[in-house]
Amino acid sequence: MQQLAIPITNHSHHPLPAYATAGASGMDLRAFLLQPVTLQPLERALIPTGLHIALPEGFEAQIRPRSGLAIKQGITCLNTPGTIDADYRGEIKVILINLSNEPVTLHDGDRIAQMVIQKIEQINWMPVQTLTETARGEGGFGHTGKQ
Ligand SMILES: O=c1ccn([C@H]2C[C@H](O)[C@@H](COP(=O)(O)OP(=O)(O)OP(=O)(O)O)O2)c(=O)[nH]1
Ligand SMILES: [Mg+2]
């Protein structure tokens, strides 16, 4: 499959994010830290990666948690999925939070999250007075399956 080439700069000394397996959706992101960061329970921090990218129009990058970190250490992304806009040229950073009841220390090079590149569309609104009818209608929030 022809793969898109996306410009990237890397100010860290870590390898570029890469797909770990042939079928991986995401590429792991590594922390770029001059010194370790310890998160107390419920503490959050903005963790640098040293990476800047230039996505083409019509794409976004999503920053998602890693399940291993979540189950083993209670570390997750607070704003999941984080959104990297196509026109963003700043450093990609990851907002992590410690949801465990113990301090967790993050080190330089730790794989802290994963990044998924996705196609997206921008839309135009078409204001109308009424919307099309559906079987669901306005039901939601646990509406289905009731007698
Ligand atoms: O996990 C994240 C989320 C965002 N960003 C960067 C890229 C993104 O394009 C920009 C803005 O993100 P977002 O739109 O989520 O934040 P905002 O609070 O709406 O800020 P802004 O007003 O700058 O859009 O911040 C990251 O580096 N990591
Ligand atoms: Mg925004």
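Residues numbered from 1 in each chain as written. Chains lettered and ligands numbered in written order. Predicted model: local features only at pLDDT ≥ 70, side-chain atom pairs only at ≥ 80, totals over all residues. Heavy atoms only, no water.

## A few points about the sheet that holds strand β8 (residues 82-84)
Right, so step 1: Taken together, four strands build an open sheet; the order of strands is β2-β11-β6-β8 and the sheet is antiparallel. The open sheet has two edge strands, β2 (27-30) and β8, and neither has a second partner. Averaged over all pairs of adjacent strands, the angle between their axes in this sheet comes to 35°, without regard to strand direction.
Right, so step 2: As defined by bridge partners, β2 adjoins strand β11 (residues 111-119) across four bridges and the pair is classed as antiparallel. Its bridge partner lying in β11, Met27 is registered against Met115. (Pairing = 2+ DSSP bridges. Helix = DSSP H or I, 4+ residues; strand = E, 2+ residues; numbered from the N terminus. Axes fitted to C-alpha atoms, helices over the stretch in contact; angles between N-to-C directions.)

## Regarding the pattern of salt bridges
Right, so step 1: Here the structure, examined in full by the defined rule, presents two salt bridges.
Right, so step 2: Two residues, Arg66 and Asp28, come together in a salt bridge whose shortest N-O distance is 3.5 Å. Of this pair, Arg66 sits in the loop between β6 (59-64) and α1 (67-73) while Asp28 is found in strand β2, placing the two residues 38 residues apart along the sequence. In this pair, the class of Arg66 matches that of Asp28, namely buried.
Right, so step 3: Of the charged contacts, one joins Asp28 and Arg111 as a salt bridge, the two residues approaching to 2.9 Å between their closest N and O atoms. Residue Asp28 is located in strand β2, and its partner Arg111 is located in strand β11; the two are separated by 83 residues in the primary sequence. (Salt bridge = Lys/Arg side-chain N within 4 Å of Asp/Glu carboxyl O. Buried < 20%, exposed > 50% of the residue type's maximum accessible area, 1.4 Å probe, protein only.)

## Examining the nonpolar core
As a rule of thumb, nonpolar side chains are buried together in soluble globular proteins.
Right, so step 1: Core analysis: the biggest nonpolar cluster contains 25 residues, and Ile47, Ile63, Val94, Leu96 and Ile112 have the highest contact counts within it.
Right, so step 2: Each residue touching Ile112, except ones within four places of it in the same chain, is listed here: Leu29, Arg30, Ala31, Ile47, Arg66, Leu69, Val94, Leu96 and Leu106. (Core = buried A, V, L, I, M, F, W, Y, C linked by side-chain atoms within 4.5 Å. Contact = heavy atoms within 4.5 Å.)

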